[in-house]
Structures are given as C-alpha cells and as structure tokens.
Amino acid sequence: MIVAAAGRGERLGPGAPKALRLLVGEPLLVHAVRSLVAALSLDLLVVAAPPDAVSEVRALLVDVVPDQVGLVVVPGGSSRQDSVRLALAVLPDDVDVVLVHDAARCLVPAALVESVVAAVRAGAGAVVPGLPVADTVKRVDDGRVVETVDRSALWGAQTPQGFSRVVLMAAHQATELDDAGPATDDAGLVERMGGTVVLVPGSEEAFKVTRPTDLLLAEALLAERAERAAGGGR
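The structure reproduced in this document is the subject of the present report.

A word on the pairing of strand 8 (residues 137-141)
(1) Moving on: Alignment of strand 8 against strand 9 (residues 144-149), held across 5 bridges, turns out to be antiparallel. Among the inter-strand pairings, V140 is bridged to a residue of strand 9, identified as V145.
(2) Moving on: Adjacent in sequence and paired antiparallel, strand 8 and strand 9 are bridged by 2 residues, among which D142 carries a positive phi angle near 55 degrees.

Given below as structure tokens:
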C-alpha cells in the first residue's frame, strides 16, 4: 500500500501540509493509516511524506501500524504522481499487488480496501472504486455553459486504487516518456497507455477532505462510528 501524503492542501486553508492537519486531535494521516491497517490483506505501508517531515511522520505512525505490517516513509515529490513514483521505487521485489491511497480520504472503510485487493487478485490490472455522480454536470467554456453532460455514465473516482505492480510501473514509465503532464490519479495513467481499468463500488465514507467543511463531516462520521461501537459493546 502506497499512501500519498505530501500535498500542501491549499484549499483547506493556511497551515501544515494537509495530511498533518488535525481531525479530532490527530493528523488526517494517522486516521487514514488506522483505517487502512484494519484491512487484513495489508502487509506493507509506504508513505510518501512532505520532504521536511519524514521523521515526524515516521514517529506519528510507529505506534499506529501493527507489528505484522511493515512501515516505510519516503520523501514525497513535487506532485502526487512524483510521490507515487518515489514510493514505488522502494517496494520489495516480491510485491505483486499495489494499492495507492490518498491520505485525505482518511476514513476509508477496511471493507473497501479488501474489495479493491480482491478485484486485482481476480485478474484486473487496474481497479478504481467509485460512486455515481449525483450532481448535474455542465461543460463550460469561457464562463458560459455549452453543454449539460449526461451523468448516467459518470462516476466519481475514489481511492485506494489497486493495480498489478507490472501495470502500475509500466503506466508511470510510459508517462515519463510523454509530455501529457501529470494525471490526477494513477488509474488515469493506465488509461493513457490504453490499459483497462475496472470499477468497483466505492463508499460514501471514503470522501476526500479538501475544504474546512469536509473536516466537519469527518468529525461527524467519527462521532457516529464511536457511538455505534459503544452501542455494540453493551
């Protein structure tokens, strides 16, 4: 599992890098890793951290990651794509399935992680979880609406996205040779080189913390989970 956690997160407002912003007293990254390691199939976690916070991130996570899961923290790059490439470079040779996750999706359910892994192990070279787009979508040119897009075939992509290691490495290598610019997710790199990407159902809980209001939603979800856990213990 690769976790991209080096982004600045300007839309969340001034302050620390996004992955280190606090949610109920703990960094988003800590919440994300705690969610990920609940998936039983995870055996290695590689975090691409802000370059000036590698030691800090390692110290934050050492007590969150269980002993049976390896932990490696590397300096991230100037873009998400660079960060994933740098994390790929340190994977052991025997890793054949790679998941890539955004730390900002800090409350992803473990069941979604397992669903993505299962799809890759079933033979898919690239897998992306997603949800149907609910809003009406407009195509705009120079401030004017030129088209209302049919949303029936539109899905919002989430993470973790899963890949055969061979496919993901080929996608990143192909991108280094073209001038198409960075992609917003790794599945997009696979699409660029003509590969097939399989969709699996995503989760409402795997939303991305991007703006301050998303932190409020994450706080509410954490409170709801705590209440459910307390109720289940009675």
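Quick look at unusual backbone geometry
(1) Moving on: With an omega dihedral of 15 degrees, the bond running from T159 to P160 counts as a cis peptide bond.
(2) Moving on: By the element assignment, P160 lies in the loop between strand 10 (155-157) and strand 11 (161-164).
(3) Moving on: For V24, which is not glycine, the phi dihedral falls at a positive 50 degrees.
(4) Moving on: Structurally, V24 can be placed in the loop between strand 2 (22-23) and strand 3 (26-27).
(5) Moving on: The phi dihedral of D142 falls on the positive side, at around 55 degrees, and the residue is not glycine.

Section: the layout of surface pockets
(1) Moving on: By volume, the largest pocket amounts to about 630 Å³.
(2) Moving on: The wall of the largest pocket is formed by 28 residues, among which G7, K18, R80, D102 and K208 lie closest to the centre.

Reading the values: the criteria
Residues numbered from 1 in each chain as written. Predicted model: local features only at pLDDT ≥ 70, side-chain atom pairs only at ≥ 80, totals over all residues. Heavy atoms only, no water. Pairing = 2+ DSSP bridges. Helix = DSSP H or I, 4+ residues; strand = E, 2+ residues; numbered from the N terminus. 1 Å grid on protein atoms, 1.4 Å probe; cavity = no way out; pocket = protein on both sides within 12 Å on 5 of 7 lines; lining within 4 Å. Points joined across faces, edges and corners; volume = space filled by probe spheres on them.

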